[in-house]
Amino acid sequence: MIGENLKLVEEEIMGACERANRSRDEVTLIAVSKTKPVGDIYEAMECGIMTFGENKVQELNDKVEIVKEPVSWHFIGHLQRNKVKQLVGKTVLIHSVDSFRLAEQVHLESVKKDIVSEVLIEVNVAKEESKFGVFAEDVENLIREVAKLPNIAIKGLMTIAPYTQNPEDNRIHFQNLRKLLIDINAKNIDNVNMSELSMGMTGDYAVAIEEGATYVRVGTGIFGVRYYNNN
Ligand SMILES: *Cc1c(COP(=O)(O)O)cnc(C)c1O
């Protein structure tokens, strides 16, 4: 089933790239394996997927321990400061920095491990109360502060768009996130030259790609519905 799902997702990604006149290799598919067993990860790997997303630090660490193969892990979930220590160094990208205090913690742990952590700033594009992320108007100020931390590299912006039946509803949010990235780059802030847009999930990733996504995070569309009874 995972193989067939991946074929459909890949077709959808290619279609969106064609419509937007983009090259397929501008978009990285992150297979969101949260709550799913490592067997599912191996199955996706057999189909050529080497990039996985997790949203809980403990679950990520457990899976990193088991899956020895050189896959890239992305942390896409809300991050608490007391979990940063266990996360830094495990992933290629942390998608969910949404405060200076959190960034400081990531910086501190990165200094200790002598690495530079690549991060995205999470933006709450629709100002939903239920969502994490900074509001668009506060992103520039946060980036100005975070950019001063030498062991953090800001690679771009991330958003979780509103849940909707109609992906077209989210097109405006994806457009706004891209505009925000371009606007902030144009300010020529020291150490800030962002190129990544992490936007689009199972329900809306094609629209997100049409609007410039460089990472799409697809869980259900690849692995099927999730059951949360263990978490
Ligand atoms: C779970 C999750 C996804 C994947 O959601 P699907 O709708 O299952 O594709 C993407 N991004 C984040 C941040 C998530 O937590």
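Everything numeric in this text was worked out from a predicted model, so none of it was measured. (Residues numbered from 1 in each chain as written. Predicted model: local features only at pLDDT ≥ 70, side-chain atom pairs only at ≥ 80, totals over all residues. Heavy atoms only, no water.)

Draft legend 1. Looking closely at the environment of Leu197. Note that Leu197 resides in strand E7 (residues 196–198). When its relative accessible area of 3% is taken as the criterion, Leu197 is described as buried. Contacts of Leu197, omitting those with residues within four sequence positions, involve Leu157, Leu177, Arg178, Leu181, Gly212, Ala213, Thr214 and Tyr215. (Helix = DSSP H or I, 4+ residues; strand = E, 2+ residues; numbered from the N terminus. Buried < 20%, exposed > 50% of the residue type's maximum accessible area, 1.4 Å probe, protein only. Contact = heavy atoms within 4.5 Å.)

Draft legend 2. Representation of the site of the ligand. Close to the ligand lie Val32, Lys34, Ile76, Met158, Ile160, Met201, Thr202, Arg217, Val218, Gly219, Thr220 and Arg226. The contact in question runs from an oxygen atom of the ligand to an N or O atom on the backbone of Gly219, over 2.8 Å. Between the ligand and the protein, one listed contact pairs an oxygen atom with a side-chain N or O atom of Thr220 at 2.5 Å. Against a free-state accessible area of 390 Å², the protein chains account for coverage of 90% of the ligand. (Near = heavy atom within 4 Å. Polar contact = N/O pair within 3.5 Å; in protein donor to acceptor, adjacent residues only side chain to side chain. Areas by Shrake-Rupley, 256 points an atom, 1.4 Å probe, with all protein chains shown as cover.)

Draft legend 3. Quick look at the pairing of strand E8 (residues 215–218). Across the two faces of E8 the burial is the same, with Tyr215 and Arg217 and Val216 and Val218 all buried. The pairing of strand E1 (residues 28–32) with E8 spans four bridges and is classified as parallel. Residue pairing across strands places Thr28 opposite Tyr215, the latter belonging to E8. (Pairing = 2+ DSSP bridges.)

Draft legend 4. Summary view of the state of the cysteines. Taken as a whole and judged by the stated rule, the model has zero disulfides. Cysteine Cys17 remains unbridged, with the sulfur of Cys47 as its closest cysteine sulfur at 19 Å. Owing to a relative accessible area of 2%, Cys17 belongs among the buried residues under this scheme. (Disulfide = S-S within 2.5 Å.)

Draft legend 5. Inspection of helix H5 (residues 100–112) at higher detail. Here H5 contains 13 residues, and its C-alpha end-to-end distance of 18 Å stays within 8% of the 18 Å for a straight helix at 1.5 Å per residue. Of the residues making up H5, those classed as buried are Leu102, Ala103, Val106, His107, Glu109 and Ser110. Structurally, H5 contributes buried residues whose contacts are with helix H4 (84–87), strand E4 (93–97), strand E5 (117–123), helix H6 (136–146) and strand E6 (152–159). For H5, the N-terminal cap is Ser99; the gap from its side-chain oxygen to the backbone nitrogen of Leu102 is 3.1 Å. Following H5 by one or two positions, Asp114 adopts a phi angle in the positive range, close to 55°. (Expected span 1.5 Å × (residues − 1).)

Draft legend 6. Representation of unusual backbone geometry. Despite not being glycine, Thr35 shows a phi value in the positive range, around 70°. Along the chain, Thr35 turns up in the loop between E1 and helix H2 (38–46). Not every positive phi belongs to a glycine, and Asn188 is a case in point at roughly 50°. In this structure, Asn188 sits in the loop between helix H7 (171–185) and E7.

Draft legend 7. View of the side chain of Asn170. For Asn170, the position within the fold is in the loop between E6 and H7. With relative accessibility at 1%, the residue Asn170 sits in the buried group. A polar contact of 2.9 Å, which involves the side chain of Asn170, links it to the side chain of Asp204. What Asn170 contacts, discounting residues up to four positions off in sequence, is Ala161, Pro162, Thr164 and Asp204.

In short, geometric facts, not functional conclusions.
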